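Remarks on the overall topology
Read off the chains here:
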Amino acid sequence: MEILLVEDDERIVSFVKRGLEAEHYSVDVAHDGQEAIDMARAIRYRLIILDLVLPLKSGSEVCLRLREERIETPILMLTAKDTLEEKIEGLRIGADDYLTKPFAFEELLARMKALLRRGPYREESQDLRVADLILSRETHEVRRAGDLIALTAKEFALLEYLMTHPNKVMSRTSILEKVWGYHYDTLTNVVDVYIRYLRKKVDEGYPKKLIQTVRDIGYKICG
């Protein structure tokens, strides 16, 4: 499940990113407003956590631009601006929730989950199933034949992407754009490396191999 964190304070970036990844979310980071707009256009994020005070374009400008372009991704504003007028303005221009700094990580997580339950992509909250492999977007658990499989955040995001498109070949380029972000070099072998990690955890020891290679194109998962 992919989250875009828009924040230029590296201390907050490190704190939030580390906490969310421990909860099995995949997190991309934009350090200025223009980068945030570009990334939100290129990738279908499930949620955007947006600071207001940013280089190049403010968080308010980012929010307005995304809503003007009909990008409906839920936006949680996370900012030190805490007056009633600022909160009302943030909600007026298109934010879905507003959390002021300093904040407790547990509250951030609870607000995120509430937004994800009612956001435009809430239909994706159900379990994904391919053969005896089950991925839960709600609990972030993966099981095969009832056995719990421990995955990293990126492994989970990669498996989720494949399972969202069962029996369909996904190119390395599309996987890179969806799971790692548009800014990665398409010549990198990171996809192949992570597919090997997944195969070891998902297929090794089971008679039926679900993850398949389509030579010179990419990968697919088949039941």
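As the structure is a prediction and not an experimental result, all values here were calculated from the model.

Digging into unusual backbone geometry
- A cis geometry characterises the amide bond from Lys101 onward to Pro102, with omega recorded as -5°.
- Mapping Pro102 onto the fold places it in the loop between β5 (97–100) and α5 (105–118).
- Its identity is not glycine, yet Ala131 carries a phi of approximately 55°, on the positive side.
- Take Ala131: it is sitting in the loop between β6 (128–130) and β7 (133–135).
- In this model, Ala145 sits at a positive phi of 50°, which is unusual for a non-glycine residue.
- As for its position among the elements, Ala145 is in the loop between β8 (142–144) and β9 (147–149).

Considering the sheet that holds β5
- Ordered by their spatial adjacency, five strands build an open sheet running β2-β1-β3-β4-β5, and the pairing between neighbours is parallel. Either end of the sheet is taken by a strand with one partner, and the two such strands are β2 (26–30) and β5. For this sheet, the mean inter-axis angle between neighbouring strands, taken without regard to orientation, is 20°.
- When strand β1 (residues 2–6) meets strand β3 (residues 47–50), the two strands line up parallel, connected through four bridges. The residue of β3 that forms the bridge with Leu4 is Ile48.
- Here helix α2 (residues 33–42) sits on the sheet and contacts β1, β2 and β3; the angle it forms with β2, its principal contact strand, is near 140°.
- Here helix α3 (residues 59–68) sits on the sheet in contact with β3 and β4 (75–79), set at roughly 175° to β4.

The rules behind each value
Residues numbered from 1 in each chain as written. Predicted model: local features only at pLDDT ≥ 70, side-chain atom pairs only at ≥ 80, totals over all residues. Heavy atoms only, no water. Helix = DSSP H or I, 4+ residues; strand = E, 2+ residues; numbered from the N terminus. Pairing = 2+ DSSP bridges. Axes fitted to C-alpha atoms, helices over the stretch in contact; angles between N-to-C directions. Contact = heavy atoms within 4.5 Å.

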